[in-house]
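# Structural overview for review
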Amino acid sequence: MAHNYDLVVIGGGPGGYTAAIRAAQLGLKVACVEKRANKALGGVCLNVGCIPSKALLDSSEAYEHTRHKLSRHGIKVGSVELDLPTMLARKDKVVSELTGGVGYLFKKYGVTPVFGAAKLAKGNAVEVTASDGEKSVLEAKNVLLATGSESTELPFMKFDGKHIVSSTEALNFNPVPKHLIVVGGGYIGLELGSVWKRLGSKVTVLEFLPRILAICDGEIAREVHKLLVKQGFEINVDTKVTGATVKGDTVTVTAQSKDGKELSVQGDRVLVAVGRRPYTSGLGLDEAGVKTDAKSGRVDVNEHFQTSVPGVYAIGDLITGPMLAHKASEEGVVFVETLTGMKPHVNYDAIPSVIYIWPEVASVGLTEEQLKENGVEYRVGKFKFAATGRAKAMDEQDGFVKVLADVKTDRVLGVHILGPRASDLIAECVTIMEYKGSAEDIARCTHAHPTLSEAVGEAARMAWSGKPLNS
Ligand code: FAD
Ligand code: NAI
């Protein structure tokens, strides 16, 4: 059979578009199919995920900073007003500039964008149905599935697009909700909860587990809980949501606490953020013979991203692992480079995660709980930002850095940071872990003074030698 393409990528998110660009750079003839109705590339991340949420987090943080923190620096600003339409329009502009940027890169490297819904057909062909119903077929030597994920719905409180919503609608509330009830104290619940809290909502979080941020190191999660309560969040853990009723503009959410107490919370908007599930609707996986995990619905792949069908591969949120944009794009690059004969790999032990609340949370590697569970003997080095000159100068003194290192070898096993710009500070720790470095390696690197990175150096010094220099 004649193949039109070496590679057809289904899905234009960070996994798919990055794979397509890298494939074109390596000389493959590649098409990328995207079904988003407005023909925007970039997937969930650029359109309704990472980017718009961070635009709102940055804007709302500036508002919060101006209203509550500048006076401590001796800056009087008079009355500060929120212009929500402008804030939302800025967010939309950031999104369109970045999604347009992906289109520009496709042109630059010669990736063919194809707009429509893709379905696997016989012989690794891909059938595309455009928005006007017209069908076309792309013949491909290889097909990469990168169709991502969608919000999980609770069967007893379905999304209605207005009162009970997913993260997508929660990026566009206007006006600011009076009382936002957030179901799920994970990434989305706390990030978008922070946005609307800063802009004036009362925010109540209902979390099923005994703690928020179940994926984080326990000590960090406990400290985040305290700081969010200080910021005005109401947080109920061990709380099982049982239903919701909408009357006029009021939603009543019912829940049960672990000790059997009934809870009823009234608000005007409910954000349900209880996780995401792989998105495979209309892809034709069953007919094509592509196997999925019965429980999670994720596509089964081997270490080279090969599915159960030869020539069909999968990456990103669709397969196992953390649902993070940088994990998806890393897999896209490694998949394509492997296909063209190179020998790269994804180091799943050194994928950082960041929660962009304030102060920020960033981590890489194992938590204390995981180390204990695995029976690994480790040393802990901790250093508070309050003891660094820069954090004092910035007046951002909450949080700490925690470095976990192997007792015998001093190898860094995990780093967990709660503090200002933790998102940027974690990069050094990822590099060290990638090179299997030790706490001493971090401590002996010169950290510029005065910077927040000194807290990382000091925590590492403590893990290695038992003592920091400045505390
Ligand atoms: P996606 O980005 O989901 O892209 C898949 C694309 O495939 C979509 O555009 C979809 O339209 C298309 N598609 C699906 N089916 C078909 C089909 N049959 N034919 C054609 N096209 C199809 N991650 C981070 O790392 N950092 C963050 O700060 C962050 N913030 C987030 C905030 C929110 C509110 C949300 C919801 C997610 C966030 N994430 C973040 C997660 C991140 O968005 C995902 O991990 C990432 O987008 C996954 O990339 P992907 O390429 O696997 O899939
Ligand atoms: P999540 O998995 O982060 O958190 C979901 C929370 O909901 C968990 O704490 C869970 O215990 C709780 N929960 C589950 N069922 C519940 C129920 N019935 N009632 C009450 N609580 C319940 O999922 P979230 O926040 O929806 O985000 C989805 C994914 O998107 C994240 O896991 C992450 O991979 C990605 N994401 C990443 C971001 C980042 O990198 N900064 C930001 C936003 C999303």
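The following paragraphs examine the structure supplied in this document. (Residues numbered from 1 in each chain as written. Chains lettered and ligands numbered in written order. Predicted model: local features only at pLDDT ≥ 70, side-chain atom pairs only at ≥ 80, totals over all residues. Heavy atoms only, no water.)

### Overview of the site of ligand 1
Defined as follows: Nearness here has a simple test: a residue counts as near a molecule or strand if at least one of its heavy atoms is within 4 Å of that partner. Within 3.5 Å is the distance limit for a polar contact, defined as a pair of N or O atoms, with the added protein rule that one can donate a hydrogen and the other accept it, and that residues adjacent in sequence qualify only through two side-chain atoms. All accessible-area figures derive from a Shrake-Rupley calculation using a 1.4 Å probe, and residue coverage is judged against the displayed protein chains alone. Where helices and strands are cited, they refer to DSSP runs of H or I of at least four residues and of E of at least two residues respectively, numbered from the N terminus. Polar here means any residue other than Ala, Val, Leu, Ile, Met, Phe, Trp, Tyr, Cys and Pro, which are nonpolar, and Asp, Glu, Lys and Arg, which are charged; Gly is therefore polar.
The local shell around ligand 1 holds 39 residues, among which Gly15, Glu34, Lys54, Asp317 and Ala325 are the closest. Within the side chain of Arg36, one N or O atom sits 3.4 Å away from an oxygen atom of ligand 1. A distance of 3.3 Å is found between an oxygen atom of ligand 1 and a backbone nitrogen or oxygen belonging to Cys45. Notes on ligand 1: free accessible area 1,000 Å², of which the protein chains cover 94%. Those elements that provide at least two residues to the shell around ligand 1 are α1 (14-25), β2 (30-34), α2 (43-48), α3 (50-68), β4 (117-120) and α9 (325-339). Ranked by the residues each element gives to the shell around ligand 1, the list is headed by α2, at four residues. Its residues assigned to classes, the shell around ligand 1 comprises 18 nonpolar, 15 polar and six charged.

### Topic: the site of ligand 2
For the record, the criterion: Domain boundaries shown here were taken from an automatic or database domain assignment.
Around ligand 2 there are 22 residues in total, and Ile188, Glu191, Glu207, Met323 and Val354 lie nearest to it. One nitrogen or oxygen atom from the main chain of Val354 is found 2.7 Å from a nitrogen atom belonging to ligand 2. For ligand 2, the accessible surface in isolation is 830 Å², of which the surrounding protein chains cover 79%. When residues of the shell around ligand 2 are assigned to their parent elements, the largest contribution, four residues, is made by helix α6 (residues 187-198). Counting contributing residues per domain, the shell around ligand 2 is built from domain 1 (2-151 + 277-346) and domain 2 (164-274), each supplying no fewer than three.

### Points about the sheet that holds strand β12 (residues 234-236)
The strands making up a sheet are joined through hydrogen bonds of the backbone, oriented either antiparallel or parallel. The condition that has to hold: Strands qualify as paired when DSSP identifies two bridges or more between them.
Overall, parallel pairing links the five strands, which are arranged β9-β16-β10-β11-β12 in an open sheet. Both edges of this open sheet fall to β9 (164-165) and β12, since each of them pairs with a single strand only. Two elements, strand β11 (residues 202-206) and β12, share three bridges in a ladder whose sense is parallel. Paired with Leu206 across the bridge in β12 is Asn236.

### What about the state of the cysteines?
Short version of the rule: What counts as a disulfide here is a pair of cysteine sulfur atoms lying within 2.5 Å. In this scheme, a residue with accessible area under 20% of its type's maximum is buried, one over 50% is exposed, and one in between is partly exposed, where area comes from a 1.4 Å probe on protein chains only.
Summed over the entire model, instances satisfying the criterion amount to one disulfide. Each sulfur in the disulfide pair Cys45 and Cys50 lies 2.5 Å from the other. The sign of the -130° torsion about the S-S bond sets the Cys45-Cys50 disulfide as left-handed. The exposure class of Cys50 is partly exposed, given its relative accessible area of 27%. Free cysteine Cys32: the closest other cysteine sulfur is in Cys45, separated by 14 Å. Judged by relative accessible area, which is 1%, Cys32 ranks as buried. Counting only cysteine sulfurs, Cys429 is the nearest neighbor of Cys445, a cysteine outside any disulfide, at a range of 10 Å.

### With respect to the layout of surface pockets
Our working definition: Put plainly, a pocket is an open set of points on a 1 Å grid over the protein atoms alone with protein on both sides within 12 Å along at least five of seven lines, a cavity is a set where a 1.4 Å probe fits but cannot get out, and a lining residue has an atom within 4 Å of a point. Grid points are joined across faces, edges and corners, and a volume is the space filled by probe spheres set on the points.
Its volume calculated, the second largest pocket comes out at about 560 Å³. Lining the second largest pocket we find 22 residues, and of these Glu64, Lys69, Gln231, Trp358 and Asp398 sit closest to its centre. Among the elements that line the lining of the second largest pocket, the one with the most residues is α3, at five residues. Class assignment for the residues of the lining of the second largest pocket results in four nonpolar, seven polar and 11 charged.

### A look at the packing of α3 against helix α4 (residues 84-109)
Condition: Orientation is described by lines fitted to C-alpha atoms, with helices fitted over the stretch in contact, and by angles between N-to-C directions that extend from 0 to 180 degrees. The labels follow the angle: roughly parallel below 35 degrees, roughly antiparallel above 145, roughly perpendicular from 65 to 115, and oblique for the rest. For any helix crossing, the convention is left-handed if the near helix is rotated counterclockwise from the far helix by under a right angle, and right-handed if that rotation is clockwise. Contacts between residues were defined by any pair of non-hydrogen atoms, one from each residue, lying within 4.5 Å.
It is the contact of α3 with α4, at a shortest axis distance of 9 Å, that shows an interaxial angle of 140°. With respect to α4, the axis of α3 lies oblique. The chirality of how α3 crosses α4 is right-handed. Packed against α3, whose contacting residues are Ile51, Pro52, Ala55, Leu56, Ser59 and Ser60, the element α4 presents Met87, Leu88, Arg90, Lys91, Val94, Val95 and Leu98 at the interface. Residue composition of the contact of α3 with α4, grouped by class: nine nonpolar, two polar and two charged.

### Points about the environment of Thr388
Summarising the element assignment, Thr388 is placed in the loop between β21 (378-384) and α11 (389-394). Each C-alpha atom of the pair Thr388 and Thr451 lies 7.8 Å from the other, and the pair is 63 residues apart in sequence. Leaving out residues up to four positions away in the same chain, Thr388 has contacts with Phe383 and Ala455.

### Concerning the nonpolar core
Applicable threshold: Only buried Ala, Val, Leu, Ile, Met, Phe, Trp, Tyr and Cys residues count toward a nonpolar core, and they belong to the same one when joined by side-chain atoms within 4.5 Å.
By size, the foremost hydrophobic cluster in this structure holds 51 residues, and its most contacted members are Phe106, Leu138 and Leu145. Here this core gets six residues from one element, more than from any other, and that element is α1. The contact partners of Phe106, leaving out residues within four places of it in the chain, are Tyr17, Ala20, Ile21, Cys32, Leu41, Val111 and Pro113. Grouped together as the second largest cluster of nonpolar side chains are 37 residues, Val203, Leu213, Leu227 and Val361 included.

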